Amino acid sequence: MNINLTHSELTSLIAALDLAIQDKGDAAKCTTDADDKADCQSEAEILSGIQANILRQMASNHSISVAVEVRGGLVQNIYSNGDVSAEVYNLDISDFPDEGEEDEADRRSKELEELCRQPGWKAIW
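Residues numbered from 1 in each chain as written. Predicted model: local features only at pLDDT ≥ 70, side-chain atom pairs only at ≥ 80, totals over all residues. Heavy atoms only, no water.

> Help me get a handle on the side chain of Gln51, residues and values and all.
Position of Gln51 relative to the elements: it lies in helix H2 (residues 34–60). The class for Gln51 is buried, based on a relative accessible area of 10%. The contact partners of Gln51, leaving out residues within four places of it in the chain, are Ile14, Leu17, Asp18 and Ile21. (Helix = DSSP H or I, 4+ residues; strand = E, 2+ residues; numbered from the N terminus. Buried < 20%, exposed > 50% of the residue type's maximum accessible area, 1.4 Å probe, protein only. Contact = heavy atoms within 4.5 Å.)

Written as structure tokens, this is what we have:
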């Protein structure tokens, strides 16, 4: 899953994570139950990890690149220098299409068009 957030949205998310981490830390300090204390500390550590990952990605300003390897008209591999997902939309129709093949290609084409209209999506080649 990819989520496109603006810098201000990411900053707000970081601030919300700060508050959640602080709340879990405060809860761990206030409880005398060992299991509750451990749960709060564990949740605070998970939230801290998420926050650190977001901050690291924001600081890196790293441009993600993708390379698609095609042989014989078929995608063989998709390479990237970062964490991305890839979906291949094969819009080809055979010379003698089976029943429903053209409808399926039309559906995939519309799905791709809708995806590309979403904010942040653009043709890169």
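From this point, the narrative continues.
> I'd like a rundown of the environment of Gly120, residues and numbers included.
Inspection of the secondary structure assignment puts Gly120 in the segment after helix H3 (101–116). Expressed as a C-alpha distance, the spacing of Gly120 and Ala38, which sit 82 residues apart in the sequence, is 40 Å.

> Quick rundown of the confidence of the model for the protein chain? Include the residues and the values.
Predicted confidence across the protein chain gives a mean pLDDT of 84, with 95% of residues reaching 70 or more. Per-element averaging of pLDDT across the protein chain places H2 at the bottom with 82 and H3 at the top with 93. (pLDDT = per-residue confidence, 0-100.)

> Can you break down a nonpolar patch on the surface residue by residue, with the values?
Side chains of Ile64, Val66, Val68, Val70, Val75, Ile78, Val84 and Val88 sit close together on the surface and give an oily, nonpolar patch of about 620 Å² of accessible area. Counting residues per element, the ones that place at least two in the nonpolar patch are strand S1 (66–71) and strand S2 (74–80). Take Ile64: it is sitting in the loop between H2 and S1. (Patch = residues over 30% accessible without salt bridge, like charges linked within 9 Å, V, L, I, M, F, W, Y side chains within 5 Å. Areas by Shrake-Rupley, 256 points an atom, 1.4 Å probe, with all protein chains shown as cover. Salt bridge = Lys/Arg side-chain N within 4 Å of Asp/Glu carboxyl O.)

> Could you give an account of the side chain of Glu69, naming the residues involved and the relevant values?
Along the chain, Glu69 falls in strand S1. Judged by its relative accessible area of 19%, Glu69 is buried. Within the structure, Glu69 has its side chain in polar contact with the side chain of Tyr79 (distance 2.7 Å). For Glu69, the contacting residues outside a window of four places in its chain are Leu74, Val75, Gln76, Asn77 and Tyr79. (Polar contact = N/O pair within 3.5 Å; in protein donor to acceptor, adjacent residues only side chain to side chain.)

> Tell me about H2, and please be specific about residues and values.
Taking 1.5 Å as the rise per residue, H2 with 27 residues should run 39 Å; its terminal C-alpha atoms sit 39 Å apart, in good agreement. Taken together, the buried positions of H2 are Cys40, Ala44, Leu47, Gln51 and Ile54. Of the residues that open H2, the one with a side-chain oxygen 3.0 Å from the backbone nitrogen of Asp35 is Asp33. (Expected span 1.5 Å × (residues − 1).)

> I'd like a rundown of the pairing of S2, residues and numbers included.
Pairing analysis gives six bridges linking S1 to S2, with the strands arranged antiparallel. Residue pairing for S2: Val70 is matched across the bridge by Val75. Joining the antiparallel neighbours S1 and S2 is a turn of two residues, in which Gly72 adopts a positive phi near 60°. (Pairing = 2+ DSSP bridges.)

> An account of the pattern of salt bridges is needed here, citing residue identities and associated values.
Counted by the stated rule, this structure contains five salt bridges. Glu111 is paired through a salt bridge with Arg107; the nearest N and O atoms lie 2.8 Å apart. Here Glu111 and its partner Arg107 are both found in helix H3, four residues apart, which amounts to about one turn of the helix. One continuous salt-bridge network, built from bridges that share partners, spans Glu104, Arg107, Arg108 and Glu111.

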